[in-house]
Amino acid sequence: MKQIKFNTGGQPYRNPDFETQQAEIYKAIEGQLNDTGAAVVSGCHLTGTNLSTGLVFLEGKLRELTETSISSFPCYIVAAAPIESDSRAHADSIARTTKISYNAEITYEIPATGQYIEVTGSGCSRRLQHSIVNASGLPANWSYVECVRFAPPTTALQSVAANNTVPVNFATEIDDLNEYNATTGEFVASQNGIYNISFGGRSVSEGGGFSFNIQFWDGSAWKNIAFTLQHVTNIQSTVMCSANKKLLTGQKVRCVFYNAATAVRYIDEAFLSITRIA
């Protein structure tokens, strides 16, 4: 890291001196965040449809997002084009801008390239406190997924046909590394590691059995690696199952609901969390 050396005797200063000072300061600050990927550093709190002012880290730079009213979810925080300002005449009589601002903005189309932070009705998907090195010594780009299916009247019940297995239609999610597809119910590991998967919920209507299953794709078929008690007809409280599974990059697991009854059953609530623990 470079610092300006101060000498006695009326030391002259030039533009490169101040360039060095600014570059080294930003290197020290932004360099600490390079391993986190895209993340909210501070602010950006969602209240209703209002997203507060905050600092985000995108494309290797700290950027400011001004307070924004969100028109629909999901939306995405992305890097905005730099803005130059404060034009001044220089000693060579040429006017040049003297300030450059690095900001972020909201887009409603999922970016095809570049970094972004998803914003759902539950808030921002990636915050710095979820991305930094944790007490277990995991690197900053650790996997974390959290999904919830709320009970009515927030959402409608999900129906499952007789003798059928389906992924749960979750209402909200946090997905730090974009590894989980809420439509298919599949989690695809983006890195080698040991993952903890916890899944469960509650079903309504009497008669017939059901279970919440965690499954692993072995290359040819889905195999159960954990499940709640099957053929239970009346569960008034939540049932949960959990499994630790070593996954290689590209391997996948999914969490599904199995209806063993001869009639339609309904999913009342469901909860899912997936965390890379080693």
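Structure shown above.
Counting restarts for each chain: residues are numbered from 1 in the order of the written sequence. This being a predicted model, a pLDDT of at least 70 is required before a residue's local features are given, and a value of 80 or more before pairs of side-chain atoms are given or counted; all residues contribute to the totals for chains, interfaces and linings. As a rule here, side-chain values cover all heavy atoms of the structure and leave hydrogens and water aside.

Engineer: Account for the packing of aromatic side chains, with residues named and values stated.
Structural biologist: Only Phe, Tyr and Trp rings are paired, with Trp represented by its six-membered ring, and only when their centres lie within 6.5 Å; those with planes under 30 degrees apart are stacked, over 60 edge-to-face, the remainder tilted. Counted by the stated rule, this structure contains eight aromatic pairs. Taken together, a centroid distance of 6.1 Å and an interplanar angle of 90° make the contact between Phe210 and Phe212 edge-to-face. Neither residue differs from the other here; Phe210 and Phe212 are each classed as buried. Ring geometry for Phe212 and Phe257: centres 5.1 Å apart, planes at 75°, overall edge-to-face. Pair noted here: Phe212 is in strand E20 (residues 210-217) and Phe257 is in strand E23 (residues 252-259), with a separation of 45 residues, a long-range link. In this structure Phe212 comes out as buried when scored by relative accessible area, which is 0%. We note Lys252 situated over the ring of Trp217; from NZ or CZ to the ring centre the distance is 5.6 Å. Under the scheme applied here, a residue whose accessible area is under 20% of the maximum for its type counts as buried, over 50% as exposed, and between as partly exposed, the area being computed with a 1.4 Å probe on protein chains only. Only DSSP runs of H or I reaching four residues or more are called helices, and only runs of E reaching two or more are called strands; each is numbered from the N terminus. Should the NZ of a Lys or the CZ of an Arg lie within 6 Å of a ring centre and within 35 degrees of the ring normal, that charge is described as sitting over the ring.

Engineer: Summarise the pattern of salt bridges; cite the residues concerned and give the values.
Structural biologist: One side-chain nitrogen of Lys or Arg within 4 Å of one carboxyl oxygen of Asp or Glu is enough to make a salt bridge. Scanning the entire structure with this criterion turns up nine salt bridges. We note a salt bridge from Asp86 to Lys99, for which the minimum N-O separation is 2.6 Å. Taken together, the positions of Asp86 in strand E8 (residues 83-89) and Lys99 in strand E9 (residues 95-101) put the pair 13 residues apart, joining distant regions of the chain. In the salt-bridge network here, residues are joined through shared partners; they are Asp86, Arg88 and Lys99.

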